[in-house]
Amino acid sequence: MKKRLFALVLAVISVSALSACGGTIVYDRELGSGYYTAGIDFPAGTYDIEVISGNGVVYTLSPDYDELPDSFSEMMGVKEDGMYEYQKSHSNLSLPKDTVLSVSGGVTIKIHSDSASGEALTPREQPNTEEVELGNGNFVAGTDFPAGVYDIVAVSGSGNVSSDNMFEGGLNAIMGTKKSDLYEKEYKNIDLAEGVTLKVDGVKIKLVPSK
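Residues numbered from 1 in each chain as written. Predicted model: local features only at pLDDT ≥ 70, side-chain atom pairs only at ≥ 80, totals over all residues. Heavy atoms only, no water.

(A) Examining the overall build of the chain more closely. Scanning the chain from N- to C-terminus turns up 1 helix and 14 strands. In the chain, buried positions account for 39% of the 211 residues. Considering only intrachain contacts with a sequence separation of at least 6, the fraction spanning at least 24 residues in the chain is 73%. Put simply, the chain shows about 11800 Å² of open surface, and 53% of that area lies on carbon and sulfur atoms. (Helix = DSSP H or I, 4+ residues; strand = E, 2+ residues; numbered from the N terminus. Buried < 20%, exposed > 50% of the residue type's maximum accessible area, 1.4 Å probe, protein only. Contact = heavy atoms within 4.5 Å. Areas by Shrake-Rupley, 256 points an atom, 1.4 Å probe, with all protein chains shown as cover.)

(B) Representation of the pattern of salt bridges in the model. Summed over all chains, the structure comprises 6 salt bridges. Across the salt bridge formed by K206 and E131, the nearest N and O atoms sit 3.6 Å from each other. In this pair, K206 is assigned in strand β14 (residues 197-209) and E131 in the loop between β8 (108-117) and β9 (132-134), connecting sequence segments 75 residues apart. Given the relative accessible area of 47%, E131 is considered partly exposed. The salt bridge partner of D151 is K188, with a shortest N-O separation of 3.5 Å. With D151 in strand β11 (residues 148-163) and K188 in strand β13 (residues 186-192), this pair connects stretches of sequence that are 37 residues apart. (Salt bridge = Lys/Arg side-chain N within 4 Å of Asp/Glu carboxyl O.)

(C) Seen up close, the confidence of the model for the chain. Per-residue confidence for the chain averages 89 on the pLDDT scale, and 90% of its residues sit at or above 70. Across residues 1-20, confidence stays below pLDDT 50; counting only partners more than four residues off in sequence or on other chains, it has 1 contact. (pLDDT = per-residue confidence, 0-100.)

(D) Just the sheet that holds β8, in detail. Judged by pairing direction, the sheet is antiparallel, and its 4 strands sit side by side in the order β1-β8-β3-β6 without closing on themselves. In this open sheet, the two edge strands, each paired with only one partner strand, are β1 (24-31) and β6 (89-95). Across the sheet, the mean angle separating the axes of adjacent strands is 20 degrees when strand polarity is ignored. Relative to β8, β1 runs antiparallel, the two sharing 7 bridges. Paired with R29 across the two strands is I111, which belongs to β8. (Pairing = 2+ DSSP bridges. Axes fitted to C-alpha atoms, helices over the stretch in contact; angles between N-to-C directions.)

(E) Broad picture of unusual backbone geometry. Not every positive phi belongs to a glycine, and Y65 is a case in point at roughly 65 degrees. Looking at the element boundaries, Y65 is found in the loop between β4 (55-61) and β5 (73-77). On the accessibility criterion, Y65 (18% relative accessible area) is buried. One non-glycine residue, D98, lies in the positive phi region at around 80 degrees. With respect to the secondary-structure elements, D98 resides in the loop between β6 and β7 (100-104).

Right, dumping it as structure tokens:
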């Protein structure tokens, strides 16, 4: 009886140790336009990428949105337009913790890993809770709306939405609510830090604090 109890205790300790270390998990997620950080939006790991719909660009960045020494960058999509050669898939892309995966241009991808990190995801630092609607105009983060990281959603109309940090976590996109490859409905996790100017032309948008 004592031997069985001892074996049971060892088994519980082993499982607890594995949980503490995180282990690995199978992970799948579809991603549309936006910035996604390994360890926050999805587990770090090695992933296969498959295009679900649309055409666009997929690439990796450092946490500061700088180019990595071994950055990945591909035109990915399901349609051939005669101008670009779009890739429909990519295998074994390493996405270590804190790597930023950028998806833009209207492509939707699926990421899959058989051995992603089992560590708990780190919650995004997000002090904002209120949504903000904006129409035509120039708006400064920290003055016209609280600075922070937002999902930008088209509410009505169509037009251009851009920020003056477009190469540092911002965007420059044609957004709208029409069902068309030309318009994007939503951009995830856009960094609108203090002092960043957001320009909206022709479309009404909603800023939703990113989770």
